[in-house]
Structure formats: C-alpha cells, structure tokens
There are 2 protein chains.
Amino acid sequence: MAKTMAQTAADTADTTQAPPQGRIRRENVERILKAAERVFAEAGFAGATMADIAERAGLPKANLHYYFGTKDDLYRAVLDNILRLWLAPIASFTPDADPAATLTAYVTAKMEASRSRPHASKVFANEILHGGTQVERFLAEDLKALVDAKAAVIDGWVAAGRMAPVDARQFLFMIWAVTQHYADFDVQIRKVLGRRSLTRQDFDAMTAEVLRMVLRAAGLSEVQAAEPQTPAPQAPTPLQPESPPIP
Amino acid sequence: MAKTMAQTAADTADTTQAPPQGRIRRENVERILKAAERVFAEAGFAGATMADIAERAGLPKANLHYYFGTKDDLYRAVLDNILRLWLAPIASFTPDADPAATLTAYVTAKMEASRSRPHASKVFANEILHGGTQVERFLAEDLKALVDAKAAVIDGWVAAGRMAPVDARQFLFMIWAVTQHYADFDVQIRKVLGRRSLTRQDFDAMTAEVLRMVLRAAGLSEVQAAEPQTPAPQAPTPLQPESPPIP
DNA sequence: GTCTATACCTTGATAGAC
DNA sequence: GTCTATCAAGGTATAGAC
C-alpha cells in the first residue's frame, strides 16, 4: 500500500535539485537503485526484501528507508528509471527514414538493452505480468501515444510500398516480445542451448538471426549480398554448443 | 525451502491411485490447483498467500496444507500441470510434415493456449523470470531434448529447401516469445490498444497476423490456401522482393 | 477427513543513540 | 546524516477439537 512518502522518492530522483551536500547522497541513491533493480528482478516485488537490497548495496536497512521512505516508493523509483530507458530507442522511427535501416538499428538497440540491462527488462516484465498497477498510466498514456505515432509511421511505409503489409502495432509487439525474450527468459535459453552463460558473441549472433527474421517478416530481405555465392544456403550462425549439426 | 511432504503432493497428483473416497478429494485437489494457478499468476510465488488461494478455492487454509503439505509443494504441483500442457503441441513437427501447415497449426495452438490458459503461461513466465530453480531439470533435460529433436526436423526442412534458412532453435524461441507475449503482457497490449479486454475475435485476428509474420520469417508465403481462386492474393504483394522461394 | 485456533517466524518500518 | 535495536503486521504451518 502506498503511504505518504511519494514526494521523498520524487525528490531523490529529481535531478534539477542539486543542493550542498548532494554528492554522497547521490552516490548512495545510485547504489541503492542499482541494488534494488537487481533484487527486484531476481525475486519480484513481493519476494524482494529490504534487507536483501541493503546488503547488496552495502548499506544498513534503515538507510533505504531514509532515502526512499517505503519499499513501494523504492520500487516506483526503480521503475521510473526503467521506463525512461524503455522509450528512448524507438525515436528513430520517422516517415522519411529507411525502413530496413531503422528496423536494423531498433532491433540492435533492443537486443543490446537485453544484454546490458537484463535486470531492467525483468523488473518491467514482472510488473506487467502481475497486472502493471504501478505503470498503468505510463502504458495507457505515454506508451499508447508513442505506439500510435510510430504505428502511423509504419503504416506510411506500408502505404508507400516500402515494406510488406503488416499490422503496425502487432509488428512492434513482435519486436518487443522477441528481443526482450532474450533477457527475460535467459535461463530457459541457456538451459536449452546447454550454455552456462551468454557471451557478447552469443548476443551478436542472436541479434543477427533475430534481425534476419524480423526483416523477412517485414518483407525486407537482406540476402542480396551473400546470395549468389554457393548453391547451398549458408548455414545460420551456429549457436549450438555440442549438439551435432544434424544433416 | 522444501520440507518433507513432497510425496504427499506426488500422491495427490498420481492418477493411477483411485481408492475409495477419492472422489471429493479429487474435486478439492482440482479446485485448489485451479485457484492456485490463478493466484500464483497474479501475484507470483512470494506474493501469493495460502489465505488468498484458500479463499478463491472456497476452502479453509488448513485444507491446502492437508492436501499439499507446503506452499512449495502446491506450487510445484501447479507447475507440473503446466509443463505437461507446454510440451504437447510441438509433437506435430515431423520430417515428412509440410512446414507451412505444421507451423500454422503450431502457432495457432500456442495462441489458443495463450487465450484459454493465460494464468498457466504467466506462472511459467514468472518462474523462468526468477531463475527457474523449480524447473531446472525440466529445462535442461526434457525441454532441451525436445528442442534438439525438433530443431533437427527444422534443419531437415531447411536442408531440403522447403523453408528459408533459419537458426532452428532461435526460430522456436521467436515463436514462443511472440505467442506467449499475448498472455504474459496482456495488460500492456490492452492498454496500448485501448481495449478493456481481448475477445476471441481479437485473438483470431492477432493469430492471423502473427501467423503471417512467422511464415514470412520462415520464407513461406501464406497464400497457398486462397491461391487458386483469384490471381491476385488478398494481401497486396509487397513491391520489395520478398525472400526468394527457395530452390 | 475437515476446520478452528494458535505458535512461530519473517519482514517492513521506526525510535532514538551517535 | 547514519546506524543499532526493536516493534508490529502478516505469513506459513500445525495441534487438536469435531
């Protein structure tokens, strides 16, 4: 239950306020937010404890309450950071941009976000999964407006014959689903592939393959370059560890 | 922490054991499992309380412990049900099957699962999101073996030129990500689309669009069915060259 | 077999010394 | 501003009446 300290969290997250002794405060807030993002990602909101977060941040529990008031407020602060991160990379969708180049950049950015900020993706996924009560306005206002605008851009591309006909909103959902899957379901992916961890090279290979599928789904084939060489299609980037390449 | 009652849960889930007074027991177990799936989906493992589950099942708390021992055991029983459900629809991937027909049936089945059993999908997603400790063996053994086998089938299709070259495992990941997204992220989808709920008609339309994108990603245009009637397919053929019909 | 009442424990939050 | 000690709420699990 949200209590009364919403303004406290707002203040700490407010970058415009930079008074005297703000330096160590700022560092501590940053450490707490980072630790909280990780613990919330690993355990969910209910499963995360303030003690866990404090330990990971290397601070006493009471400090978390001093800076953020309640667990609820801390959670919202973490989410706030994530939402900002979320909206950024889609900006490049503009009517005059090249569809293939734009999609390539977007998918690459989303995959890079899944690689570098997996905890952020998981916290957001967890929030949506459980009803998204804390991000309801974000979804219904900010995100909806953004999707409406970008869907219009995609519709324009389709109308101009610059990509295959797609339902623009579902096309965006597909890109989100696929790219975020590599962060949110990393355990499943690793176990199925028999990998202990996913390296940057793995992500590069996976990104290339995701990109190929997304571009095909958009009717934008990227095979022009590597096509004429061999009669046999070049094998997709091998991700499988020991599984033999079955003929 | 799992205690000692694992065998209790195992017994109740064991269908081979059908002794005297099994009728009401069976009904109660079923009601509890159904209620638990829903509560676990909505709140996650840590957020769910035995009291919530009991209330939704219309039984006293103590009964849950009588039938399932611990909360942990109940959770595992719910997961067991879901995992069985999970593996079923992929069976139709066989070397001699038609790729387009097989993929169509599979995507349709997965979308139908997202529509009819959203709570199951969410419980599974939540489990994976938080490390998948309860399904580690399932992932590393059962699921991995299944994916290896089905990836071999897909590789065969590709080698025979019956579909575009794809990384088979990532292709399966994509299908899972996209179809399950409609259950797991339903809140986001509804808010972005401005819908209060997603009807069966919505799902039919979304399924058709997902199918179109997946088939394109596989280099399989979906026009076979509606082909003989008219020379012009209902979907305006893209001006850009699509992935070439594989030799 | 079923359910009420309760014991025990974890955890969020705070008071008050430093 | 920081941290130790403590409280109160809410949760799992069980004992024992029915």
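In this text the structure is predicted, and so the values were computed from the model without any measurement.

A. Structural context of the overall build of chain A. Counting its regular elements, chain A contains eleven helices and zero strands. Secondary structure of chain A in N-to-C order comes out as α-α-α-α-α-α-α-α-α-α-α. By residue count, 48% of the 247 residues in chain A fall in the buried class. Partitioning the intrachain contacts of chain A with sequence separation of at least 6 by distance along the chain shows that 70% fall at a separation of at least 24.

B. Structural view of the packing of helix 9 (residues 168–184) of chain B against helix 11 (residues 200–217) of chain B. Residues and elements named next belong to chain B. Taken N-terminus to C-terminus, the directions of helix 9 and helix 11 make an angle of 165 degrees; their axes are 11 Å apart at the nearest point. Taken together, the axes of helix 9 and helix 11 lie roughly antiparallel to each other. Between helix 9 and helix 11 lies a crossing of right-handed hand. Counting all contacts with helix 9, which are made through Phe171, Met174, Ile175, Val178 and Tyr182, the residues of helix 11 involved are Phe203, Met206, Val210, Val214 and Ala217.

C. Quick look at the relation of the copies chain B and chain A. The transform that puts chain B on chain A rotates by 180 degrees and translates by 0.0 Å along the axis, for an RMSD of 0.1 Å. Both copies of the chain, as the preceding transformation shows, are related through a two-fold rotation axis. Mapped onto chain A, 91% of the interface residues of chain B again fall at the interface, so both copies present the same surface.

D. Highlighting the UniProt feature "DNA-binding region" (unreviewed entry) in chain A. Sequence positions flagged by UniProt for "DNA-binding region" (unreviewed entry) are, in local numbering, residues 49–68 of chain A. Taken as a whole, residues 49–68 of chain A contains 80% helix and 0% strand, while its terminal C-alpha atoms sit 14 Å from one another.

E. A look at the interface of chain B and chain A. In this complex, chain B contributes 64 residues to the contact, which on the side of chain A involves 68 residues. Summed over both partners, the interface of chain B with chain A buries about 5,800 Å², with 66% contributed by carbon and sulfur atoms. Looking only at chain B, the three residues that lose the most surface to chain A are B:Leu129, B:Gln170 and B:Val192, adding up to 12% of its buried area. There are two salt bridges connecting chain B and chain A. A salt bridge links B:Lys191 to A:Glu136; the shortest N-O distance between them is 3.3 Å. Inspection of the region where chain B meets chain A yields 18 residue pairs in polar contact (both at pLDDT 80 or more). At the level of secondary structure, the elements contributing two or more residues to the side of chain B that touches chain A comprise helix 2 (22–47), helix 7 (118–129), helix 8 (136–159), helix 9, helix 10 (186–193) and helix 11 of chain B. For the side of chain B that touches chain A, the leading source of residues is helix 9 of chain B, giving twelve residues.

F. Layout of the nonpolar core. Residues A:Leu74, A:Phe171, B:Leu74, B:Ile154 and B:Phe171 are the most contacted members of the largest nonpolar core, which totals 150 residues. Residue contributions to this core peak at ten residues, all from helix 9 (residues 168–184) of chain A. Excluding its chain neighbours within four sequence positions, the residues that come into contact with A:Phe171 are A:Leu103, A:Ile154, A:Met163, A:Val166, A:Val214, A:Ala218 and B:Met213.

G. Broad picture of the packing of aromatic side chains. Inspection of the entire model under this criterion finds 16 aromatic pairs over all chains. Consider the rings of B:Phe40 and B:Tyr75, whose centres lie 5.0 Å apart with planes at 75 degrees: the pair is edge-to-face. With a gap of 35 residues between them, B:Phe40 in helix 2 and B:Tyr75 in helix 5 (residues 71–87) connect regions that are remote in the sequence. With respect to burial, B:Phe40 and B:Tyr75 carry one shared label: buried. With a centroid separation of 5.8 Å and 25 degrees between ring planes, the pair formed by B:Phe93 and B:Trp157 is classed as stacked. Of this pair, B:Phe93 sits in the loop between helix 5 and helix 6 (99–116) while B:Trp157 sits in helix 8; the two residues are 64 residues apart in sequence, bridging distant segments of the chain. Summarising the burial analysis for this pair, B:Phe93 and B:Trp157 share the class buried. Cluster of aromatic residues (ring-pair linked, three or more members): A:Phe40, A:Phe45 and A:Tyr75. When the ring centre of B:Trp86 is taken as origin, the NZ or CZ atom of B:Lys110, which lies over that ring, is 4.4 Å away.

H. Local environment of the pattern of salt bridges. Residue and element names in this part refer to chain B. All told, the structure shown has 28 salt bridges over all chains when counted by the stated rule. Between Asp186 and Arg190 there is a salt bridge; the shortest N-O distance is 4.0 Å. On the criterion of helical spacing, the pair formed by Asp186 and Arg190 is a turn pair, its members being four residues apart in helix 10. Residue class for Asp186 comes out buried when judged on its relative accessible area of 16%.

I. Here's a closer look at the side chain of A:Asn126. One can find A:Asn126 in helix 7 (residues 118–129). A polar contact is formed between the side chain of A:Asn126 and the side chain of B:His130, at a distance of 3.0 Å. A:Asn126 has contacts with A:Gly44, A:Phe45, B:Asn126, B:Leu129 and B:His130, leaving out every residue within four places of it along the chain.

J. Region of interest: helix 6 of chain B. Residues and elements named next belong to chain B. Spanning 18 residues, helix 6 covers 25 Å between terminal C-alpha atoms, matching the ideal 26 Å at 1.5 Å per step. Within the sequence span of helix 6, burial applies to Pro99, Ala100, Thr102, Leu103, Tyr106, Val107, Lys110, Met111 and Ser114. Each buried residue of helix 6 sits inside an arc of 165 degrees when the element is viewed along its axis, so together they form one side. Against the buried residues of helix 6 lie helix 5, helix 7, helix 8, helix 9 and helix 11.

K. The side chain of A:Asp184, seen in detail. Of note, A:Asp184 is situated in helix 9. As a buried residue without a salt bridge, A:Asp184 has its nearest oppositely charged side chain in A:Lys122, at a separation of 7.0 Å. Beyond its immediate sequence surroundings of up to four residues, A:Asp184 is in contact with A:Ser121, A:Lys122, A:Ala125, B:Ile128, B:Leu129 and B:Phe185.

L. Local environment of the confidence of the model for chain A. Residues and elements named next belong to chain A. Overall, the prediction assigns chain A a mean pLDDT of 86, with 81% of residues at 70 or greater. Low confidence marks residues 223–234, where pLDDT is under 50. Its contacts with residues over four positions away, or in another chain, come to four contacts. Taken as a whole, residues 240–247 scores under 50 in pLDDT and shows twelve contacts with residues more than four places along the chain or in a different chain.

M. Structural detail: the environment of B:Gly219. Residue and element names in this part refer to chain B. In this structure, Gly219 sits in the segment after helix 11. We classify Gly219 as buried; its relative accessible area is 16%. It is 5.8 Å that separates the C-alpha atoms of Gly219 and Met163, two residues lying 56 residues apart in sequence.

The rules behind these values
Per-chain numbering applies: the sequence of each chain, read as written, is numbered from 1 onward. To label them, take the chains in the order written and letter them from A, then take the ligands in the order written and number them from 1. The predicted nature of this model means local features are confined to residues of pLDDT at least 70 and side-chain atom pairs, given and counted, to a pLDDT of 80 or more, with totals for whole chains, interfaces and linings taken over all residues. Think of the side-chain values as coming from all heavy atoms in the structure, minus any hydrogens and water. Helix and strand labels come from DSSP, where a helix needs a run of H or I of at least four residues and a strand needs a run of E of at least two; each type is numbered from the N terminus. Any residue under 20% of the maximum accessible area for its type is buried, any over 50% is exposed, and the rest in between are partly exposed; the area is computed with a 1.4 Å probe on protein chains only. It only takes one pair of heavy atoms within 4.5 Å for two residues to be counted as in contact. Orientation is described by axes fitted as lines to C-alpha atoms, over the contacting stretch for helices, and by angles from 0 to 180 degrees between their N-to-C directions. In what follows, roughly perpendicular refers to angles from 65 to 115 degrees, roughly parallel to angles under 35, roughly antiparallel to angles over 145, and oblique to any angle outside these ranges. Crossings are assigned a handedness: left-handed for a near helix turned anticlockwise from the far helix by less than a right angle, right-handed for a clockwise turn. We superpose the copies by least squares over the C-alpha atoms of residues that have a pLDDT of at least 70 in both of them. UniProt positions are given in the numbering used here, feature names are shortened, and annotations may be inferred rather than shown by experiment. Here the quantity called buried area is the accessible surface, traced with a 1.4 Å probe, that two parts lose on coming together, added over both. Every case where a carboxyl oxygen of Asp or Glu lies within 4 Å of a side-chain nitrogen of Lys or Arg is listed as a salt bridge. Between N or O atoms, a polar contact is any pair within 3.5 Å; within protein, one atom must be a potential hydrogen donor and the other a potential acceptor, and residues adjacent in sequence are included only when both atoms are from side chains. Throughout this description, the term nonpolar core refers to a set of buried Ala, Val, Leu, Ile, Met, Phe, Trp, Tyr and Cys residues connected via side-chain atoms within 4.5 Å. The rule is short: rings of Phe, Tyr and Trp, with Trp giving its six-membered ring, pair when the centres are within 6.5 Å, and they are stacked under 30 degrees, edge-to-face over 60, tilted in between. In our convention, an over-ring charge means Lys NZ or Arg CZ found within 6 Å of a ring centre and within 35 degrees of that ring's normal. What a helix is expected to span follows from its residue count: subtract one and scale by 1.5 Å. Working note: the arc is built from the helix axis to C-beta atom directions. Charge assignment in this entry is limited to Lys and Arg as positive and Asp and Glu as negative, and neither His nor the chain termini are counted. Every residue is assigned a pLDDT by the predictor, reflecting its confidence on a scale from 0 to 100.

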